[in-house]
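# Notes for the structure review
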Amino acid sequence: MLRHSRLFGGASLAVLSLIVTSAAEAQQALPTISIGGARGPARPGRVGHPVSGPARVTTAAPNPSQPAPPGFSPRKLALPVYRDPTGQTFTTIQGKDFDNMPLLSVREMLQYSPGVSFKQGNGPRDIVISIRGSSARNGFGVRNIVILEDGFSVTQPDGLSRTDLTDPHAYAGVDVYRGPSSALFGNFANGGAINFRTRTGAEIDGVQVGSEFGSYGYLNNFTSIGKKVDNVDIAIFASDVRGDGWTLHNRYDTQTVNATMRLQVTPDDLLTFKFIHNQLYADLSSRLSLNQYYLNPYQSGCYVMTQLGATTPLGYFNRSLCGSSGVPLTGLNGTGGPFFQTTGYLAGFNRNDRRDVLGLRWEHNFDANTFWRTQVIYDDKNISQPTGNTAALQDEPAVNASTDITQLGSLAGFEARHFAGLYFNRARYTSYTNNTLPIGSGATGAIQAKQNAMMQNLGARGREEVALSKDVTLVLGLSAEMTKIAAIQEQFTYVSAPANPAFGQIATWQGIPVNKTYWNFGPEASVTWRVMPELLTHFRASSGYGTPNPGQLFVNQQGRPGANTDLKTQRNTGIDIGFDWRPDETLLFSLTGFHEWYQNEQISQSPGAGLLNFTFNAPGSVHRGIESLVDWRPIDGWKVLANYTYNNQIFTNFNEQLAAGGVTSYFNRAGYKIPNVPTHNATARLGYDQPFGDFRGFGAFVEYVYQSSYYLDNANVLTIPSYGLVNANVHFDRDLELWPVKNFSVYFEVRNIFDRNWVASANNITNSAALVNGVVVVNGYPQLAQNGTGSIYAGNPRLFQGGVKFKF
């Protein structure tokens, strides 16, 4: 690892001194991977001028019909550096391929990118997105990936992103950056990044209204309004989504507003305003053990729990069918009891969250080859989440600012693009962890912990793209970042025995302070070689890092508030080798192999139902695999989309500590599979749309989604079953000459046609142990399958959904 880091560091230190000036002339380049057809032009209103100047760079092609070096086409140079970075393992998903299908969450779009996998989080659109297994151990939200929308970061300074605010109907496309990407995106990009791109006003050009409806009370009413007039482009999207869910106590109700305005103030100045608002209410059921999932996947009848012990026949039967949480009857967290077994329905577990994002970006051209970009974001997350034994209450305002400069020129006689920038983000908040009560609509008891925290990141990044010849481009990048966490957590226990005269009073108080500073560096180097006009290859060596966040530092291994302050920054160093082959405009085939070395990988797992997930470091692990993609349009109207991902992830240095009967033992997990990472993921679609004649606009497709089994625990005892789902869709979409209606579309879809039971989400679980003849022995499959609670949500059974849209 040290040798790799020194090589990358040495190669990248030159970046900071490579900002020089010169003129450049760029021409056409081979397109990048783009699912759903070739990319469109740069976004309307982009202030970049044509690349021109008195001096001709030696690598520029004298013949305008000859392709420019990779990454130096006019289209690429007109985009900001982050949009389509040369040498990056990168996929674009086009929103137009999903126009005529129901879309509840971004999963329906993102599953067409290789390397990406998913889990259901806490709520209808809370999707845990993983790139190469990056967030696979999380129970909610997105970590280890930086999420952007139209270039504005919606990842808060503590590294958490939520997809609740993303209604997929709003997007023209999604860009997926795979592999460690901290050189370009900074802290928490150790898995990669995702950029959601909304439609511009010019693309909407009018008003679109739509409604989707289907099984289990699903209803989504949405509208898009947009127009470009002179130097102003405005796009507004709004939606109202409701449903009952297929699992007991999973009702949801969420509203989203997403607005963007671009104002071309002068030929050299573009202002972009961004506003996102999301309000979410979602009921939450308890997660299940594997046995509970097999017996009662949708928690039918789990309204209340018997208070008989698990050793009684009725108690055992009840707990074998229903997920539950043991909460103090009085709302006090002392050890004196009494405790009550409750269900998500009876206790009213839920999320009631609000998110508001405001962004402003100024892009300015100094001259034809020098572009400056500055943006500021205000992001406020307000949550009330009684989701288990405890409830989280928090308001977290954050600011995010960045500025960068890009210059087109030359380096040592070679055509080059220079990039350098600074960035800063900061969050400061007070959060409360309260006990929940066994009965109510998320009612809470006494405060268990109070956390005052500040987290900030300050960094610089640089990047040099150099055309070594007409077919070879070298990229060097480097980020340097300081992260500071200053926090204190106060913890309380109470006198909980009703007979005690001091009942309800504070019994103990503990304050846990944290003041940590982390320094991180993220080098990157890549070579892109166009072997022939239809074949583009790339080799990339890069690194990523992700610091702990305050929340991880204050949850102990028992799933309770407590000290976990020894948690370290996780780092990974990776190599990608791949190619994109496009023999003609009808076929794209892409293949990438990757190998990543992790140090101190952060693993989160559940100690049981209703308890908080805790995080620990695995000193050494390896992630390796293959990603492939096919986009084939063999005959007019026919379309084949497919991708496949192979993941082989193992611990290489990790000793796990387990205790039983007062005896502690260590178990070597080297060579064991990292839990919650499926070995195989695949998605495929075969579709046809009638392109002409009386039946123009009629279409249909069939879709297959596969995920292999995977382990849930570090000892590789418990496995989740694999699944293969078949979905089918029919639709009609036609432009009309019937004023005021410009377009009409209607669609209908059956999901999970064969009504397979499948696991949509499974949290890592802690291995249990027993003392046998004085030796600590890891419990086997029967004990873990029965008692490893707090893990599983079942995926949807067969359901029917449809929709209709009008364009005015």
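Here goes a summary of the coordinates provided. (Residues numbered from 1 in each chain as written. Predicted model: local features only at pLDDT ≥ 70, side-chain atom pairs only at ≥ 80, totals over all residues. Heavy atoms only, no water.)

As a further point, take the overall build of the chain. When helices and strands are counted, the chain shows 9 helices and 40 strands. Its C-alpha atoms give the chain a radius of gyration of 27 Å, within 12% of the compact-globule value 28 Å for 808 residues. Dimensions of the chain, computed from C-alpha atoms along their principal axes, come out at roughly 90 × 65 × 45 Å. A buried classification covers 61% of the 808 residues belonging to the chain. Counting contacts in the chain only where the partners sit at least 6 residues apart, residues at least 24 apart contribute 69% of the total. By element, 61% of the accessible surface of the chain is carried by carbon and sulfur atoms, the whole surface being about 29,400 Å². (Helix = DSSP H or I, 4+ residues; strand = E, 2+ residues; numbered from the N terminus. Rg over C-alpha atoms; globule rule 2.2 N^0.38 Å. Buried < 20%, exposed > 50% of the residue type's maximum accessible area, 1.4 Å probe, protein only. Contact = heavy atoms within 4.5 Å. Areas by Shrake-Rupley, 256 points an atom, 1.4 Å probe, with all protein chains shown as cover.)

So, on to the nonpolar core. Of all hydrophobic cores here, the largest spans 33 residues; its most connected members are L110, I129, I194 and F196. If you list the elements that add at least two residues to this core, you get helix 3 (107–110), strand 3 (116–120), strand 4 (127–131), strand 7 (171–178) and strand 8 (192–198). With near-sequence residues (within four places) excluded, I194 lies in contact with L110, I129, I131, I145, V146, I147, L148, V174, D175 and Y177. Counting residues in each nonpolar core, the second largest holds 15 residues, with L288, L290, V759 and A785 among its members. (Core = buried A, V, L, I, M, F, W, Y, C linked by side-chain atoms within 4.5 Å.)

Turning to a nonpolar patch on the surface, a few remarks are in order. Taken together, V527, W529, V531, M532, F539 and I577 make up a surface patch of nonpolar side chains, about 520 Å² in accessible area. Examining the composition of the nonpolar patch, we find that 4 residues originate from one element, strand 22 (residues 506–532), more than from any other. Mapped onto the elements of the fold, V527 is located in strand 22. Note on V527: relative accessible area 33%, which makes it partly exposed. (Patch = residues over 30% accessible without salt bridge, like charges linked within 9 Å, V, L, I, M, F, W, Y side chains within 5 Å. Salt bridge = Lys/Arg side-chain N within 4 Å of Asp/Glu carboxyl O.)

For A282, the location among the structural elements is in strand 13 (residues 269–283). Assessed through its relative accessible area of 1%, A282 is described here as buried. Between the C-alpha atoms of A282 and P782, which are 500 residues apart in sequence, the distance is 33 Å. In this structure, A282 is in contact with G123, P124, R251, Y252, F349, N350 and R351, ignoring residues within four places of it in sequence.

Another point: the state of the cysteines. Under the defined criterion, the tally for this structure stands at 1 disulfide. Put simply, C302 and C322 are joined by a disulfide, and their sulfur atoms are 2.0 Å apart. Note on the C302 and C322 pair: the S-S dihedral is about -85°, so by sign convention the disulfide is left-handed. Taken as a pair, C302 in the loop between helix 6 (290–295) and helix 7 (313–321) and C322 in the loop between helix 7 and strand 14 (325–328) lie far apart in primary sequence, 20 residues in all. Residue classification places C322 among the buried residues on the basis of a relative accessible area of 4%. (Disulfide = S-S within 2.5 Å.)

Taking every second residue as pointing to the same face, both faces of strand 5 (residues 146–149) are buried, with V146 and L148 on one and I147 and E149 on the other. Across 4 bridges, strand 5 lies against strand 8 in parallel orientation. Note that in strand 8 the partner of E149 across the bridge is F196. The pairing of strand 5 with strand 6 (residues 152–153) spans 2 bridges and is classified as antiparallel. Looking at strand 6, one finds that L148 is bridged to S153. As consecutive antiparallel partners, strand 5 and strand 6 are separated by 2 residues, and within that stretch D150 has a phi angle of approximately 55°, a positive value. (Pairing = 2+ DSSP bridges.)

Let us now look at empty space enclosed by the protein. All chains considered together, the criterion is met by 12 cavities of 30 Å³ or more. The space that makes up the second largest cavity amounts to roughly 610 Å³. L104, Q120, W246, W758 and N796 are the residues nearest the centre of the second largest cavity, which is lined by 36 residues in total. Counting residues per element, the ones that place at least two in the lining of the second largest cavity are helix 3, strand 3, strand 13, strand 31 (698–707), strand 34 (723–738), strand 35 (741–751), strand 39 (792–794) and strand 40 (799–807). Considering only residue class, the lining of the second largest cavity consists of 15 nonpolar, 14 polar and 7 charged. (1 Å grid on protein atoms, 1.4 Å probe; cavity = no way out; pocket = protein on both sides within 12 Å on 5 of 7 lines; lining within 4 Å. Points joined across faces, edges and corners; volume = space filled by probe spheres on them. Nonpolar A, V, L, I, M, F, W, Y, C, P; charged D, E, K, R; others polar.)

With that settled, consider the packing of aromatic side chains. Here the structure, examined in full by the defined rule, presents 21 aromatic pairs. Ring centres of F616 and F654 lie 5.4 Å apart, and the angle between their planes is 20°; this geometry places the pair in the stacked category. Taken together, the residues span a long stretch of sequence, with F616 in strand 26 (residues 614–632) and F654 in the loop between strand 27 (638–653) and strand 28 (655–660) at a distance of 38 residues. Each member of the pair, F616 as well as F654, is classed as buried. Note on Y723 and W758: the rings are 4.8 Å apart at their centroids and 55° apart in plane angle, and the pair reads as tilted. Of the two residues, Y723 sits in strand 34 while W758 sits in the loop between strand 35 and strand 36 (759–762), which places them 35 residues apart along the sequence. One aromatic cluster is present, formed by F695, F698, F732, F744, F806 and F808 through successive ring pairs. Looking at R669, its charged tip hangs above the ring of Y672, at a distance of 5.5 Å from the centre. In this structure, R685 is placed above the aromatic ring of F701, and the distance from its NZ or CZ to the ring centre is 3.9 Å. (Phe/Tyr/Trp six-rings, centres within 6.5 Å; stacked < 30°, edge-to-face > 60°. Lys NZ or Arg CZ within 6 Å of the ring centre and 35° of its normal.)

In this section: the pattern of salt bridges. According to the stated counting rule, one finds 40 salt bridges in the structure shown. Here D84 ties to K76 by a salt bridge, and the two come within 3.9 Å at their closest N and O atoms. Overall, the relative accessible area of 2% leaves D84 in the buried class. Accessibility expressed as a relative area gives 6% for K76, which makes it buried. The salt bridge partner of R242 is D240, with a shortest N-O separation of 2.8 Å. Where salt bridges share partners, they join D126, R162, D164, R351 and D353 into one cluster.

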